[in-house]
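Each chain, written out:
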Amino acid sequence: MAAAQGRLSDGAGGMDDAKEGDGRASRADQVTDQVPLPFRAAVEALRTARLRPQVEVEQVPPPQRLAPYAHALEATVVDGEQDLADGRLVLLHDPAGHDAWRGTFRLVTLVRAELEPEMAADPLLPEVCWSWLTGALQARGLTYGEPSGTVTRASSHYFGGLAARPSASQIEIRASWTPREGLGGVPDTAAHLASWCDLLAQVAGLPPAGPGDASVVTLPQRRGPQPH
């Protein structure tokens, strides 16, 4: 599978059903120095996830106005000098709960990669890609609710001065789900991050990870859990 062109922009925040312009005030407008303990614990747990060494993860600024509290990560699947797939995972938290989420946490993702022509032509590709997402969660024994999302397949054909370029196809998965909360109202975010990276690796065309094919990833400490 060829590399996904470009990196995700900060505008990827529109991945969830919530709209950035829906007028809901951020909790940070009222309290800037208090972060709920469940959200803080959920963010800290992300740093304990054991991920495949081919998956490079970094913290990035979260989208605005999707929830009172948010934390965002970007990941790239790398093979030598080649980027095979990339994506963004956003952890949202609303201590008051959210009717659409049926919980106080929500995970939102965007995953994309370029496709080989024979794979892009498969009429069942969208269903297969969605099953990769749900299968990655189930493989780690995770429980979740209210899944929703889209799988988009796009093709580019070049003409005129660009006619020498071969046609290209890309797959894009946008999805969100509610992780079930455990002790203290905190979901197992480390396991959800690991399953999301399993999805990235599968979309990138990597073989399944074997025993010992993992390393502890320490996320950058540029900022702690932040309201916005």
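Quick look at the structure, then. Quick caveat, the model's predicted, so the values are computed rather than measured. (Residues numbered from 1 in each chain as written. Predicted model: local features only at pLDDT ≥ 70, side-chain atom pairs only at ≥ 80, totals over all residues. Heavy atoms only, no water.)

## Notes on the pairing of strand 4 (residues 82-98)
Most of strand 4 is tucked away, with 12 of its 17 residues classed as buried. Adjacent in sequence and paired antiparallel, strand 3 (residues 69-79) and strand 4 are bridged by two residues, among which G80 carries a positive phi angle near 65°. Pairing of strand 4 with strand 5 (residues 103-115), which is carried by nine bridges, proceeds in the antiparallel orientation. Among the inter-strand pairings, H93 is bridged to a residue of strand 5, identified as F105. A loop of four residues connects strand 4 with strand 5, the two strands running antiparallel in sequence, and R102 in this loop sits at a positive phi of about 60°. (Buried < 20%, exposed > 50% of the residue type's maximum accessible area, 1.4 Å probe, protein only. Helix = DSSP H or I, 4+ residues; strand = E, 2+ residues; numbered from the N terminus. Pairing = 2+ DSSP bridges.)

## Observations concerning unusual backbone geometry
Positive phi, normally seen in glycine, also occurs at R65, with a value near 65°. Inspection of the secondary structure puts R65 in the loop between strand 2 (55-60) and strand 3. Assessed through its relative accessible area of 41%, R65 is described here as partly exposed.

## Here we look at the pattern of salt bridges
As a working rule, side chains carrying opposite charge can pair if their charged atoms are close by. What the rule picks out here adds up to six salt bridges. For E74, the salt bridge goes to R88, with nearest N and O atoms at 2.7 Å. Within this pair, whereas E74 is found in strand 3, its partner R88 is found in strand 4, the two being separated by 14 residues in sequence. Of the charged contacts in the structure, one is a salt bridge between D198 and R140, with a shortest N-O distance of 2.7 Å. (Salt bridge = Lys/Arg side-chain N within 4 Å of Asp/Glu carboxyl O.)

## Details of the nonpolar core
Membership of the largest hydrophobic core comes to 47 residues, with the highest contact counts inside it found for V77, L91, L193, W196, L199 and V203. Secondary-structure elements contributing two or more residues to this core are helix 1 (37-46), strand 2, strand 3, strand 4, strand 5, helix 3 (125-139), strand 7 (168-179) and helix 4 (189-204). With 11 residues, the top contributor of residues to this core is helix 4. Here L91 is in contact with F39, A42, V43, L46, Y69, A70, H71, F105, R106, L107 and T189, once residues within four sequence places are set aside. V60, L66, V90 and L92 belong to the second-largest nonpolar core, a separate cluster that totals nine residues. (Core = buried A, V, L, I, M, F, W, Y, C linked by side-chain atoms within 4.5 Å. Contact = heavy atoms within 4.5 Å.)

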